[in-house]
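Remarks on the overall topology
Residues per chain, in single letters:
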Amino acid sequence: MKKASIASSEGNVVVTKRAWKVLGVTSLTNFAIGLDLSITNVAIPDMQSSFPSASTADLSWTLTFYMVVYAGFLIVSGRLADRFGRLRVLNIGFGIFIFSAVLTVIAPTVLTLIAARGLIGLSAAMVAPASLGLAVAAWPVERRGTAVTIWGSTLGLSSAVGPIIGGFLIDTGSWRWAFSASIPVVIITLLWGARALTESERNPDASRPDLVGSVSVTLAASGLALAIVQGREWGWGSPAVLGLLLLSIGAIAIVARRISRHPAPIVPRELLQVSSFNVAAIAAFTFSLGFFSAILTMVLYLVEIAEYSTSRAGLGVSVLAFAAFTSAMFSGRVADRFGYRNVAVPGILLFVIGACWLYLRATSDVTYFVDLFPGFILLGAGIGSGPALLVGAGVSEVDSNNFSVAGAVMQTARQLAGAIGVAIIVSILGSDPTTESFRAVFLYLAGVTFLSALIASRLPSRK
């Protein structure tokens, strides 16, 4: 017996061909986002050939500003998609993406490049929640967990292959070639989406998103990151650094005020009353201070200290991403059986052990498979089992009506922490990185993620 939406055979829910097509298109959007971001990590060292007067700290803003803008507008974009239509927001987001990617490729100055990366962060913030919403809506309720898993896994897959593709394109051409790699993927997605996707039901009564709160979050994170990156050069007590810190404090105060008064704030007030959500969000933020900067750290180490080519460095760090992708595939199932806390905490500790291994073994004369490979595997296993499970733990006791926004808040916290984490490691490395400065970064990664494990141990132990 066939039905238009779902069919039942021996009590099992069958997913339609249309649902699979929708999932394919939306997963490809996620792949494009991850591919672009992962290529940035391996492109930064080569950018200095085009901008010799720019420091690593300057160029790191191509990654930092992307994360800050992404985090600042993620929740707002999700609400706009509900209000005006997910497909419309998705297509507008991809239009911005293509324009920004072209601007990145032809950018004549560092400021233009950073601005273009910020626009791509904005487009990613629009595309991600809209594509996930379209995918989930197309699948039967009983199988939506599978859809979300597949959709999310494509981000991990792109993070694994991105450094390889980016490294090859950089060595055969330049970093500009590498940043053009995502453009054809986006165009294919748009063409496929025009045939496979239909507009979602709009909700004109949905509350207006808090744009002031979003801008304030972006200003707070940008000011703090810039103060951290430039603190050594400008002086930690200089008027510029102190002014940036005051800007961040003021913006945070505005966010707190908006949360208490706005009808649809960045963080819904009812979420702050859920203890497990608060613990998981803080643990995710702390862990993200380390893990988001791990791949950039290793790329810089392999290029600057081990003197690898860009393609060889990209291939080397892809092991870390593949380990993360692999561990993510089964960590959720294990957590369903033993509980989030009992899997997330050991997973985070794997990252801590990996960072400690690199602290002890990373020198100027390393053998990849002896000194680096074990550490990369441990870091990747920790990334694959830590962040996703913390998000799961965060929403586990949240009212079902707030699942989507709770997940978005967790993702926002992770992106903000990632931007700040990148700023911290760039500050530690300084303008002339040495083996000792990289060992200091590995020690930082171990310390901040160990703090995350301690916080995560406060999560409920039940399944």
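None of the values given here were measured: they were computed from a predicted structure.

Side note on the confidence of the model for the protein chain
On average, the protein chain scores 90 in pLDDT, and the residues at 70 or more come to 95%. Highest mean pLDDT in the protein chain belongs to helix H18 (residues 435–456) (97); lowest belongs to strand S1 (residues 6–9) (42). Low pLDDT, under 50, characterises residues 1–11; the predicted model gives this stretch 10 contacts beyond four residues in sequence or across chains.

Some remarks on the packing of aromatic side chains
On inspection of all chains with the given rule, the structure shows 14 aromatic pairs. Between the aromatic rings of Phe287 and Phe291, the centroid separation amounts to 5.3 Å while the plane-to-plane angle is 25°, which identifies the pairing as stacked. With Phe287 and Phe291 both in helix H11 (residues 275–291), this residue pair falls four residues apart, about one helical turn. Across the pair, exposure class does not vary: Phe287 and Phe291 are buried alike. Between the aromatic rings of Phe369 and Phe373, the centroid separation amounts to 5.3 Å while the plane-to-plane angle is 45°, which identifies the pairing as tilted. A residue pair is termed a helical-turn pair when its members lie 3 or 4 positions apart in one helix, as Phe369 and Phe373 do in helix H15 (residues 368–385) at four residues. Ring pairs connect the aromatic residues Phe287, Phe291, Phe292 and Phe351, which therefore count as one cluster.

Considerations on a nonpolar patch on the surface
A cluster of nonpolar side chains, contributed by Leu157, Ile164, Leu315 and Phe322, occupies part of the molecular surface with about 310 Å² of accessible area. When residues of the nonpolar patch are traced back to their parent elements, those giving at least two are helix H6 (144–172) and helix H13 (310–338). Considering the arrangement of structural elements, one finds Leu157 in helix H6. Classification of Leu157 by relative accessible area gives partly exposed; the value is 33%.

Notes on the side chain of Ser437
Looking at where Ser437 falls in the secondary structure, it is placed in helix H18. With a relative accessible area of 11%, Ser437 lands in the buried category. Among the polar contacts listed, one links the side chain of Ser437 to the backbone oxygen of Thr434, at a separation of 2.7 Å. Those residues within four positions of Ser437 in sequence are excluded, and the remaining contacts are Ile428 and Leu429.

Examining the pattern of salt bridges
As enumerated under the stated definition, the model contains four salt bridges in all. Arg439 serves as the salt-bridge partner of Glu436, at 3.3 Å between the closest nitrogen and oxygen. Taken as a pair, Glu436 and Arg439 lie in helix H18 at a separation of three residues, close to a single helical turn.

Rules of the game
- Residues numbered from 1 in each chain as written.
- Predicted model: local features only at pLDDT ≥ 70, side-chain atom pairs only at ≥ 80, totals over all residues.
- Heavy atoms only, no water.
- pLDDT = per-residue confidence, 0-100.
- Helix = DSSP H or I, 4+ residues; strand = E, 2+ residues; numbered from the N terminus.
- Contact = heavy atoms within 4.5 Å.
- Phe/Tyr/Trp six-rings, centres within 6.5 Å; stacked < 30°, edge-to-face > 60°.
- Buried < 20%, exposed > 50% of the residue type's maximum accessible area, 1.4 Å probe, protein only.
- Patch = residues over 30% accessible without salt bridge, like charges linked within 9 Å, V, L, I, M, F, W, Y side chains within 5 Å.
- Areas by Shrake-Rupley, 256 points an atom, 1.4 Å probe, with all protein chains shown as cover.
- Salt bridge = Lys/Arg side-chain N within 4 Å of Asp/Glu carboxyl O.
- Polar contact = N/O pair within 3.5 Å; in protein donor to acceptor, adjacent residues only side chain to side chain.

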